[in-house]
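# Commentary on secondary and tertiary structure
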Amino acid sequence: MELWYTEEQTDNVRLSLKVKQHLFSDHSDFQQVDVFETAEYGRLMTLDGLVMVTEKDEFVYHDMITHVAMAVNPEIKNVLIIGGGDGGTAREVLRYPQIQHVDMVEIDKMVCDVAKEFFPTISNELENPKLALYYEDGVAYMKGKNSVYDLIIIDSTDPVGPGEGLFTTEFYTDCFNALTENGILINQNESPVYEQFAKEAVRANSKLKKIFPEVHVYQAQIPTYPSGYWLFGFASKKFHPTKDVKADVWNKLGLKTKYYNTELHLGAFALPNYVKEFFNNGNV
Ligand code: SAM
């Protein structure tokens, strides 16, 4: 008998992946956590039935949520990751020799424990001495922080359940205050293809525009995310993401990446007209 995992991406669209084995299933205080061995994408983690990370395509997301900011400001030393329980973002950030400290605030310890057990190539830096891991709500953690971080990465779930508070004006304002004068904020910013996701993307972008002087959107192809076309937000107190990219400096680091490169960096911000219109008009 064939076993399939199916994610209902919208009321009218589903993604199904053939499953070899259902490796883990439990409910934390926050969400349902499952791990599957799939035929095509290696191991898959889902939260409340939604795709979070797969071994096969995680490199796209974790490259793009990390290296774009690191190529714009090579001086980044202190980083905050909100969410990111699978450890992939922390892994990429900690590859940079100039990083002095990373705080990671993940609300659900079960996600980290499951990542350590089933995704060793993604979670392998969660014990790094430069990393401080807090099992807390990122919304509460951010309050009252002032000029502490050079980079904040919001590696969250969608704006539902525990992730909802990470998409509010109040939270983005707290992030702005927590950033240093050269601060950059990166957030996973949903997708423009399906209306429910596009509306969230535009909503988040509109809020950020009221707080940060530089707010931009960039794109990547993540096959297991709804529509496979995914967006990220780049907000900064000072830097422009393409005019200020330090490509030579980044390339001299010699970091081997499977997806990101400094030419792709420029192209990632070249959005299709329909997507540009969403963000220019502030509606979908
Ligand atoms: N790559 C995934 C995506 O794009 O949907 C995100 C991966 S990561 C697993 C998302 C993490 O955000 C989850 O581990 C979840 O527990 C965490 N999270 C959700 N809401 C949170 C909150 N308010 N504070 C801290 N972490 C939160």
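If you're wondering where the values come from, they're calculated on a predicted model, not measured in any experiment. (Residues numbered from 1 in each chain as written. Predicted model: local features only at pLDDT ≥ 70, side-chain atom pairs only at ≥ 80, totals over all residues. Heavy atoms only, no water.)

This brings us to the overall build of the protein chain. Within the protein chain, the regular secondary structure consists of nine helices and 12 strands. Its C-alpha radius of gyration of 18 Å places the protein chain within 12% of the 19 Å reference for a compact globule of 284 residues. Seen along its three principal axes, the alpha-carbon backbone of the protein chain occupies a region of about 55 × 45 × 35 Å. Counting across all 284 residues of the protein chain, residues that qualify as buried make up 58%. Long-range pairs, those at least 24 residues apart, make up 67% of the contacts in the protein chain between residues at least 6 apart in sequence. Total accessible area computed for the protein chain in this model is approximately 12,000 Å², and 49% of it derives from carbon and sulfur atoms. For the protein chain, the distance from the average position of its 26 positive side-chain charges to the average position of its 41 negative side-chain charges is 6 Å. (Helix = DSSP H or I, 4+ residues; strand = E, 2+ residues; numbered from the N terminus. Rg over C-alpha atoms; globule rule 2.2 N^0.38 Å. Buried < 20%, exposed > 50% of the residue type's maximum accessible area, 1.4 Å probe, protein only. Contact = heavy atoms within 4.5 Å. Areas by Shrake-Rupley, 256 points an atom, 1.4 Å probe, with all protein chains shown as cover. Lys, Arg positive; Asp, Glu negative; His and termini not counted. Charge placed at Lys NZ, Arg CZ, Asp CG, Glu CD.)

Turning our eyes to something else, we now look at the sheet that holds strand β10 (residues 179-188). In space, the seven strands of this open sheet follow the order β8-β7-β6-β9-β10-β12-β11, with mixed pairing throughout. The open sheet is flanked by β8 (131-134) and β11 (214-221), the only strands paired with a single partner. Across the sheet, the mean angle from the axis of one strand to that of its neighbour is 15°, orientation sign disregarded. Here five bridges tie strand β9 (residues 149-155) to β10, and the two strands are oriented parallel to one another. Within the sheet, the bridge partner assigned to Y149 lies in β10 and is L179. (Pairing = 2+ DSSP bridges. Axes fitted to C-alpha atoms, helices over the stretch in contact; angles between N-to-C directions.)

For helix α3 (residues 109-118), the complete set of buried residues consists of M110, V111, C112, V114, A115 and F118. Structurally, α3 contributes buried residues whose contacts are with β2 (14-27), β3 (32-38), β4 (42-47), β7 (101-105) and β8. Capping the start of α3 is the job of one residue whose side-chain oxygen sits 3.0 Å from the backbone nitrogen of M110: D108. (Polar contact = N/O pair within 3.5 Å; in protein donor to acceptor, adjacent residues only side chain to side chain.)

Attention shifts here to the site of the ligand. What surrounds the ligand is a group of 23 residues, the closest being Q31, E106, G138, P162 and Y225. The contact in question runs from an oxygen atom of the ligand to an N or O atom on the side chain of Q31, over 2.9 Å. Separating an oxygen atom of the ligand from a side-chain N or O atom of E106 is a distance of 2.6 Å. Against a free-state accessible area of 590 Å², the protein chains account for coverage of 99% of the ligand. Put simply, the ligand lies in the largest pocket. Within the shell around the ligand, the residues separate by chemical class into nine nonpolar, eight polar and six charged. Each of two domains, domain 1 (3-54) and domain 2 (58-281), supplies a minimum of three residues to the shell around the ligand. (Near = heavy atom within 4 Å. 1 Å grid on protein atoms, 1.4 Å probe; cavity = no way out; pocket = protein on both sides within 12 Å on 5 of 7 lines; lining within 4 Å. Sits in = over half its atoms within 2 Å of the grid points. Nonpolar A, V, L, I, M, F, W, Y, C, P; charged D, E, K, R; others polar. Domains from an automatic or database assignment.)

So, on to the domain arrangement of the protein chain. One can read the domain layout of the protein chain as domain 1 (3-54) and domain 2 (58-281). Here domain 1 and domain 2 have C-alpha centroids that lie 23 Å from each other. If you look at the interface, domain 1 gives 24 residues, while domain 2 gives 24 residues. Counting each side, the surface lost to burial between domain 1 and domain 2 is near 2,100 Å², with a carbon and sulfur contribution of 71%. Taken together, the connections running from domain 1 to domain 2 amount to zero salt bridges. In this structure, the connection of domain 1 to domain 2 is made through five residue pairs in polar contact (both at pLDDT 80 or more). A per-class count over the side of domain 1 that touches domain 2 returns 15 nonpolar, six polar and three charged. (Buried area = accessible area lost by both parts, 1.4 Å probe. Salt bridge = Lys/Arg side-chain N within 4 Å of Asp/Glu carboxyl O.)

Attention now moves to unusual backbone geometry. We note that D48 has phi near 50°; this positive angle belongs to a residue other than glycine. Looking at the secondary structure, you find D48 in the loop between β4 and β5 (50-54). With a phi angle near 80°, S227 is a residue other than glycine that sits in the positive phi range. Tracing the backbone through its elements, the reader meets S227 in the loop between β11 and β12 (229-236).

The final tally for this structure, using the stated rule, is one cavity of 30 Å³ or more. A volume near 40 Å³ is recorded for the largest cavity. Contributing to the lining of the largest cavity are V51, M52, V53, T54, D57, E58, Y61, H62, I222, T224 and Y225. Listing elements by their share of the lining of the largest cavity, those giving two or more residues are β5 and α1 (58-72). (Points joined across faces, edges and corners; volume = space filled by probe spheres on them.)

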